[in-house]
Amino acid sequence: CQGSSTLYCAVLYADLNVTERVNHSMPVGYVPAGMDATIATPYIDFKFENSTGYPLKIEASAAGGTMKIRLLGIDTDPSKEIVITNKKIETIPFETKEVETDKLPKDEKKIKQNGSDGSVVETYKTVKIGGAEQSTVKITTSRYAQIPKIVETGK
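Predicted model, so just to flag it, every value in this text is computed and none were measured.

Participant: Let's hear about the pattern of salt bridges: which residues, and what values?
Facilitator: Counted according to the given criterion, the structure contains 9 salt bridges. Between Asp102 and Lys155 there is a salt bridge whose closest N-O contact spans 3.9 Å. Of this pair, Asp102 sits in the loop between β6 (96-101) and β7 (109-113) while Lys155 sits in the segment after β10 (149-154), placing them 53 residues apart in sequence. Residue classification places Lys155 among the exposed positions, given a relative accessible area of 51%. Between Glu122 and Lys138 there is a salt bridge, and its shortest N-O distance comes to 3.6 Å. Of this pair, Glu122 sits in strand β8 (residues 118-129) while Lys138 sits in strand β9 (residues 132-144); the two residues are 16 residues apart in sequence, bridging distant segments of the chain. Taking the relative accessible area as the measure of exposure, Glu122 reaches 12% and is therefore buried. What emerges from the salt-bridge pattern is a single network uniting Asp15, Lys80 and Lys125.

Cut-offs and rules
- Residues numbered from 1 in each chain as written.
- Predicted model: local features only at pLDDT ≥ 70, side-chain atom pairs only at ≥ 80, totals over all residues.
- Heavy atoms only, no water.
- Salt bridge = Lys/Arg side-chain N within 4 Å of Asp/Glu carboxyl O.
- Helix = DSSP H or I, 4+ residues; strand = E, 2+ residues; numbered from the N terminus.
- Buried < 20%, exposed > 50% of the residue type's maximum accessible area, 1.4 Å probe, protein only.

Here it is, written out as structure tokens:
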């Protein structure tokens, strides 16, 4: 999914039309929340269309845990700038679950998994021409599940 997420970011900044995109169920570490794209063949895919009217070349490379994708084509408006912003609109607090186990002495507790809050993030695209803002539109809402904190308790 790092490849599809990196391509999604490039597509957003190139101002191309996204036709299919699903965020991950939980945030990923390689792109900001709201800028990820899941793939799970054949069920979930990331798709976009080349709406430029000109050929488009996708150039990709990966090294040392970093992926780079460039979209090469004709720049019909060099004064056009795309700004992508994300806004967290909701935090989903994590839950704590206690699980009894024979592995610990009675009433002793041990954290098996730390919890993590979930969130709802809106992603916006602002178009600027010659530095002047022309429009801002919400392009997607991404929902990320919370990860419960799991505490083992001795029987």
